[in-house]
Amino acid sequence: MKLNKILKNTFLVLFACLVLSACATSKKSTGQMQGDVYTGTDTVEYLASGVPDRVFFATNESVLTTASRETLRKQAAWLRKNSDITIVLEGHADERGTREYNLALGERRANAAKDYLMTYGISSNRISVLSYGKERPVDSGSNPLAWSKNRRSVTVKAN
Amino acid sequence: MRNLIILFLIFIIPSKALGLIEVDITRGNLNPLPIAVSPLSIDDQSKKSFEKTLKKKDIGSEISKVIEKNLKTSGLFNPLDKNAFLQAPDIAHLKPRFEDWNLIKAQALITGKVKNVDDKLRVEFRLWDVLAGKEMMALAFTTVPNNWRRVGHIITDKVYERLTGEKGYFDTRIIYVAEEGPKTKRIKKLAIMDQDGANNKFLTLGNELVLTPRFNPTSQMVTYLSYFRNLPRVYLLDIETGIQEVVGDFPGMTFAPRFSPDGKKIIMSFAKDGNSDIYTMDLENRIVEKITNHPSIDTSPSYSPDGKFICFNSDRSGYQQIYVMKSDGSNVKRISFGNGLYGTPVWSPRGDLIAFTKLHKGKFYIGVMRTDGSGERLLTENFYQEAPSWSPNGRVLIFYRETKTDDKGEGFSAKLWSIDLTGYNERLVDTPTDASDPSWSSLLSN
């Protein structure tokens, strides 16, 4: 049964890779996504050395990936060291959804990041949340890679 | 606006229902009715005085152009070429020679007369059935000269109503979001225009992001989302006075606003801690009520025209679907069960249908379904389109459509489109800039 599941998952991943490589329009895009979550660093900025400012999400999802959780733990450690800093978590969606739903989705994504930071000891009164929905993409492209970069929560210094 | 104009409706001859020409608007009209819109006649003195005040050489002919364009855009009428008209406008208005109009295949004829009466614009018009050789209706209006385009729209509404048996939608306005600049730094302003694209006016300067404006069905108020001071909140705007105010005192983002059909409440979403629920606020006593209470995203609420029900968008099943509930939040029922995701439900002003956006296999559709979810009908398919808004008679939908950005980052555009409920007569709605989030007003007169 378990083997079956592993096989099934492997198949799914393989299938996803096939689909993605078929969709990819330029060579640059290969290996920058896992599933449809962006894993590259093109758009990432740093809050401090080794502390990336953003995490990425799958389509319609607000679940934090392993990589996202690692990024947020780094952010939490940096925030603990710099206790005077307050932040805004800016939640975003890609252009493939209705505007109003995307506003709610951006808010949900930013809150997923907020909740995680809070479990790592960052007080909620240092964090505010702002959803932009699909209004502020970083990549203006209309392709799966661009969309994956745009599904994000960005931690921005507020002071 | 309603108070600004003085409209005197004088029935010259009471029109009787004689069972003359009729236009069927319930199916796609592939044979639009040939109609002749004779330029409205005008005496020389009136012509000169209006030329001075309105800067239009022949206001009679300008009004007839407004009517002609309206009729053509409706898709139900085919206005005939004026060059083929044999009879002079003033004589046609007194007594049309029906043989002449028959000869150019006109089935209906509109004639009229414009006159300056005490510096007011007096317009009378008649609608004729060419085949039966009979007058179908005759009306006259007096108003301030600046309202000349509205006179054209009101005449079209009367003609449309007489020939189709349903109210028109021409004396109306569209509020929308005007867009400029690169996709990553889009500048958005509220804009308003007449239904035919004339009299476009920007209502905000573009300093802050604004989204989803919607008309109050009973007044010239608008509700919309503004990112003023980076706090996304629902606002109320009076288009006559320009006065704006934030709606309610919510400790977080409020969005997706709409008015109740009586115009007395605003219904919207409030997002807190990653959860969006639907709330109403009474504009008179400011009482806030929570309508949905569910850990999913509940948004895009829209009332039924009798105010008894609300349709909305929720992902409580895992994905975006359309739900209907009583207006107190009870009896929540999912109504969309087709393949794909469903969003932006809007209840038709006729009450029988809900228009929506659907995403399926990477394509976006505008469609309609009955209020129990049956009879789903997709009207148009595209790369991206959403946010339908009904014409006040429930016959036409306006929405916005975006085009793909190519690999060089070029080619993006956002435009308004309209389509008949029948799925026919899809049209680009001209706007001076890119445009999105259209909302159709009620009829301004009557």
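Residues numbered from 1 in each chain as written. Chains lettered and ligands numbered in written order. Predicted model: local features only at pLDDT ≥ 70, side-chain atom pairs only at ≥ 80, totals over all residues.

Notes on the overall build of chain A
No. 1: Looking only at helices and strands, chain A has four helices and eight strands in total.
No. 2: Ordered by position from the N terminus, the helices and strands of chain A form the series α-β-β-β-β-β-α-β-α-β-α-β.
No. 3: Here chain A holds 159 residues, and 45% of them are scored as buried.
No. 4: The contacts in chain A between residues at least 6 apart in sequence include a share of 69% that link residues at least 24 apart. (Helix = DSSP H or I, 4+ residues; strand = E, 2+ residues; numbered from the N terminus. Buried ≥ 20, exposed ≤ 12 C-beta atoms within 10 Å, placed from the backbone. Contact = placed C-beta atoms within 7 Å.)

What about the packing of helix 2 (residues 66–81) of chain A against helix 3 (residues 99–119) of chain A?
Residues and elements named next belong to chain A.
No. 1: Two elements in contact, helix 2 and helix 3, have axes separated by 9 Å at closest approach and are oriented at 55°. It follows that helix 2 is oblique to helix 3 by the angle criterion. The interaxial crossing formed by helix 2 with helix 3 has right-handed handedness. Taken together, the residues of helix 3 that come into contact with helix 2 (itself represented by Arg-69, Leu-72, Gln-75 and Ala-76) are Ala-113, Tyr-116 and Leu-117. (Axes fitted to C-alpha atoms, helices over the stretch in contact; angles between N-to-C directions. Parallel < 35°, antiparallel > 145°, perpendicular 65-115°, else oblique. Left-handed = near helix turned anticlockwise from the far one by under 90°.)

Re the interface of chain B and chain A
No. 1: Taken together, the contacts link 34 residues of chain B with 24 residues of chain A.
No. 2: When residues of the side of chain B that touches chain A are traced back to their parent elements, those giving at least two are strand 11 (210–215), strand 15 (254–259), strand 16 (265–272), strand 19 (298–303), strand 23 (341–347) and strand 27 (384–390) of chain B.
No. 3: In terms of residues, the side of chain B that touches chain A owes the most to one element, strand 27 of chain B, which gives three residues.
No. 4: Classifying every residue of the side of chain B that touches chain A by side-chain character gives 13 nonpolar, 15 polar and six charged. (Nonpolar A, V, L, I, M, F, W, Y, C, P; charged D, E, K, R; others polar.)

Here we look at the sheet that holds strand 21 (residues 321–326) of chain B
All names here are of chain B.
No. 1: Taken together, four strands build an open sheet; the order of strands is 19-20-21-22 and the sheet is antiparallel. The sheet terminates laterally at strand 19 and strand 22 (333–334), the two strands that pair on one side only.
No. 2: Judged from the six bridges that link them, strand 20 (residues 309–314) and strand 21 form a sheet pairing that is antiparallel. In the sheet register, Asn-313 faces strand 21, and the bridge partner there is Ile-322. (Pairing = 2+ DSSP bridges.)

A closer look at the sheet that holds strand 14 (residues 244–246) of chain B
Residue and element names in this part refer to chain B.
No. 1: Spatially, the four strands line up as an open sheet ordered 11-12-13-14, and their pairing is antiparallel. Two strands close off the open sheet at either side, each with one partner strand: strand 11 and strand 14. The mean inter-strand angle of the sheet, taken between neighbouring strand axes irrespective of direction, is 25°.
No. 2: The pairing of strand 13 (residues 233–238) with strand 14 spans three bridges and is classified as antiparallel. Its bridge partner being in strand 14, Leu-236 is matched across the sheet by Glu-245.

Section: the domain arrangement of chain B
No. 1: What the domain assignment lists for chain B is domain 1 (10–164) and domain 2 (173–440).
No. 2: Between the C-alpha centres of domain 1 of chain B and domain 2 of chain B the distance comes to 35 Å. (Domains from an automatic or database assignment.)

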